[in-house]
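Each chain is listed here by its residues.
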Amino acid sequence: MSVLSEDIKNRIRALLPKYPRKQAVTLPALHMVHDEYRHVSPEAVVEIAEILELHPSEVQDTMTFYAFFKEKESEKLGKERVWVCRGLACMLRGAYELIDHCEHKLGVHCGQTTADGKITLEFAECIGACDGAPAILRNDEHVMNVTPEKADGLFAEIRK
Amino acid sequence: MKYEPILLARIHKPNSHQLEGYRADGGYAAIEQALVDKKPADVIAQVKDAGLRGRGGAGFPTGLKWTFLPKDHPGPIYLCVNADESEPCTYNNRILMEKDPHQVLEGIMLACYAIRSEKAFFYVRYEYGTAYRALEAAIAELYAAGLLGKNIFGSDFHLDIVLHRGAGAYICGEETGLIESLEGKRAWPRIKPPFPAIEGAFRKPTIVNNVETMACVTQIMRRGIDWFKSLGVPPDPKNPRDAGSYGPKLYTIAGHVEKPVCVELPMGVSLRELVEVHGGGVWKGRKAKAVNPGGLSMGFVDVLAPLKGEDGKTEYDIPLDFNGPGKVGCLGLGTAAVTVIDDQTSMVDVLHNVTQFFSHESCGQCTPCREGTGWMLKIMERFRRGLGRREDLDILVDVADRIGIIPGTTICGLSDGAGWPVKTAIRKFRSEFEEAIRKGEPSRYAKPLQMVGAH
């Protein structure tokens, strides 16, 4: 029984002609699977490797380089991923206090997901939103000039 | 006279990211013209003669880099556009990609025509989702208009641009780390030589260029060499190796200023003018203590330290051109990202943040970097808890001096960048660190943040 849907496999296959080597589709494939299934299981790694004609250990090797990808079922991402930037520009304008606030408010540490499965909180190294420091990355979009109240509003919106 | 921006001229227009508006403003005329009356070598010559130096950090002359490709290579030759902008406090590429992606894409077309490449890989850091989608839409517009693909403008020039997303790793901004990541491997930088121009992506000749560099190529081909050379700073006559600092530059201002902003100015504006005029001055009526002049890797400027041989001036007055920061012990211009630290901020906390970043982002391939950045963070953790020791300061400088590609102990420059802020902070603000040792008080941030999976 396959863990990846036929649809996602086809979307991975569709990328192959864009690159001179199949292995180059590793990161795009990991992103697709991670986005949809909220983690990349060992079975999914095997199936990605089959499409890319690689040994599963090659996909695993690449995936584990990027702390970005969650492997274990128990670490599955919530509905949305909220990264609080701790880069210098944000730190100078209150990022550490903001991280404390978010951890307190959500009752989780960075790297963990709320009990309702809605929000995975993370810290990020500089996200390049320094003109709006302190900043948050909501999935892959910047939220600028984040006050504790603005963060609370963001959490409420995600949980709606 | 007020400078009129060129690279940022369009960013405040409505729908500045769309093809229609870009073409109405004369967009894609430069590539159309080049395809008619210029050979690839002419484009290389124009970029080279304009004196354009790469905007990504190292400042290598762009046209010269292009000439390093093997002559009469049967192909394929690749262009990789480096949009892994991850140097802390830097965001100029993001503004260009989000607000005026076509200016960048036209530069890519011109560069690919010049280097005889039919495929460009545009590597965008994951954290730039908005920029990624702006580029995705812009590239789709180009294919729909027949401006990408086969026989562009009816010529025999073909080009495909492939967008590729990173996954949150600073090392992917190092050009060979980027190539390894693109190939689907761990982003471990390669030993050079061979340089990418000889053997790069997929073992083919490859040029890696920065996003702002591509926008500059567009403007050089549109406005000419004289325009580009009318801006910036000519070579230092006393330094035969100086290639000059010509052209406009995007400076980003962040940290303790009233108005964090990205501004375009002729190369060579002073740090003081950037902060006091363009950044609206130091916030809350405070004074600046330290400034990071070009991304964390470049080190720190001591705002009050007198500038040698320049009466009444301080390090705050250095020009931000390719030579300026080096005159005060910084590594270089870097990404021209200026971060201001006010006089009420502890350098212990600042340096802790810096070492935390590099320790987290060291890719782990070279032992001196992996271990050195970790040791420096551990020492700074101790400082933050009020347990710094006098000998720690010498140990920090010693480690910082020994890790990196310049001392020759690592494959890439990440750890040079990790060392520079440490040694400049301790050399320039030593008394502050000594006072912290004497007082032994923990920082208000002494509770360490949880460390999860470094890469």
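Please read all numbers here as calculations on a predicted model, not as lab measurements.

Quick look at the interface of chain A and chain B
Contacts between the two partners involve 47 residues from chain A and, on the opposite side, 65 residues from chain B. When chain A packs against chain B, the two sides together hide about 4700 Å² of surface, and 57% of this comes from carbon and sulfur. For the interface between chain A and chain B, the tally reads seven salt bridges. Here Arg 94 of chain B ties to Asp 131 of chain A by a salt bridge, and the two come within 3.2 Å at their closest N and O atoms.

Brief notes about the packing of helix α3 (residues 40–50) of chain B against helix α9 (residues 211–223) of chain B
All names here are of chain B. Packing of α3 against α9 brings their axes to within 10 Å, and their N-to-C directions diverge by 100°. When the interaxial angle is binned, α3 and α9 end up roughly perpendicular. In this structure, α3 contributes Val 43, Gln 46, Val 47 and Ala 50 to the contact, and α9 contributes Val 217, Ile 220 and Met 221. For the contact of α3 with α9, a count of residues per class yields six nonpolar, one polar and no charged.

A short note on the domain arrangement of chain B
Residue and element names in this part refer to chain B. Splitting chain B by domain gives domain 1 (19–230), domain 2 (245–342) and domain 3 (347–444). Placing a centre on the C-alpha atoms of domain 2 and another on those of domain 3 gives a separation of 22 Å. At the junction of the two partners, domain 2 supplies 15 residues and domain 3 supplies 14 residues. Summed over both partners, the interface of domain 2 with domain 3 comes to about 1200 Å²; 71% of that surface belongs to carbon and sulfur atoms. Counting the surface domain 2 buries against domain 3, the share from its top three residues, Leu 296, Phe 300 and Leu 331, is 47%.

Observations concerning the packing of aromatic side chains
The relation between two aromatic rings is expressed through the spacing of the ring centres and the mutual angle of the planes. Within the structure shown, the criterion is met by 18 aromatic pairs over all chains. Each ring, one from Phe 68 of chain A and one from Trp 83 of chain A, has its centre 5.9 Å from the other, and the planes form 20°; the classification is stacked. Note that Phe 68 of chain A is positioned in the loop between α4 (56–65) and β1 (80–85) and Trp 83 of chain A in strand β1, a separation of 15 residues in sequence. Aromatic pair Tyr 78 of chain B and Phe 202 of chain B: ring centres 5.8 Å apart, planes at 75°, arrangement edge-to-face. One end of the pair, Tyr 78 of chain B, is in strand β1 (residues 78–83); the other, Phe 202 of chain B, is in the loop between α8 (175–182) and β4 (206–210), and 124 residues separate them in sequence. When its relative accessible area of 6% is taken as the criterion, Tyr 78 of chain B is described as buried. Taken together, Phe 65, Tyr 66, Phe 68, Phe 69 and Trp 83 of chain A together with Tyr 126 of chain B form an aromatic cluster joined through their ring pairs.

Looking at the nonpolar core
Core analysis: the largest hydrophobic core is formed by 193 residues, its most contacted members being Tyr 66 of chain A together with Trp 66, Leu 79, Ile 108, Phe 122 and Phe 433 of chain B. With 18 residues, the next largest nonpolar core counts Val 84, Cys 110, Leu 121 and Val 143 of chain A among its residues.

Some words on the domain arrangement of chain A
Domain boundaries in chain A define domain 1 (6–65) and domain 2 (77–159). Distance from the C-alpha centre of domain 1 of chain A to the C-alpha centre of domain 2 of chain A: 29 Å.

Observations regarding the side chain of Asp 84 of chain B
All names here are of chain B. Take Asp 84: it is sitting in the loop between β1 and α5 (92–99). The side chain of Asp 84 sits in the buried core without any salt bridge; Arg 125 is the nearest counter-charge, 5.2 Å away. In this structure Asp 84 touches Tyr 123, Arg 125, Ala 169, Tyr 170, Cys 172 and Gly 173, once residues within four positions along its chain are discounted.

Rules of the game
Residues numbered from 1 in each chain as written. Chains lettered and ligands numbered in written order. Predicted model: local features only at pLDDT ≥ 70, side-chain atom pairs only at ≥ 80, totals over all residues. Heavy atoms only, no water. Contact = heavy atoms within 4.5 Å. Buried area = accessible area lost by both parts, 1.4 Å probe. Salt bridge = Lys/Arg side-chain N within 4 Å of Asp/Glu carboxyl O. Axes fitted to C-alpha atoms, helices over the stretch in contact; angles between N-to-C directions. Helix = DSSP H or I, 4+ residues; strand = E, 2+ residues; numbered from the N terminus. Parallel < 35°, antiparallel > 145°, perpendicular 65-115°, else oblique. Nonpolar A, V, L, I, M, F, W, Y, C, P; charged D, E, K, R; others polar. Domains from an automatic or database assignment. Phe/Tyr/Trp six-rings, centres within 6.5 Å; stacked < 30°, edge-to-face > 60°. Buried < 20%, exposed > 50% of the residue type's maximum accessible area, 1.4 Å probe, protein only. Core = buried A, V, L, I, M, F, W, Y, C linked by side-chain atoms within 4.5 Å. Lys, Arg positive; Asp, Glu negative; His and termini not counted.

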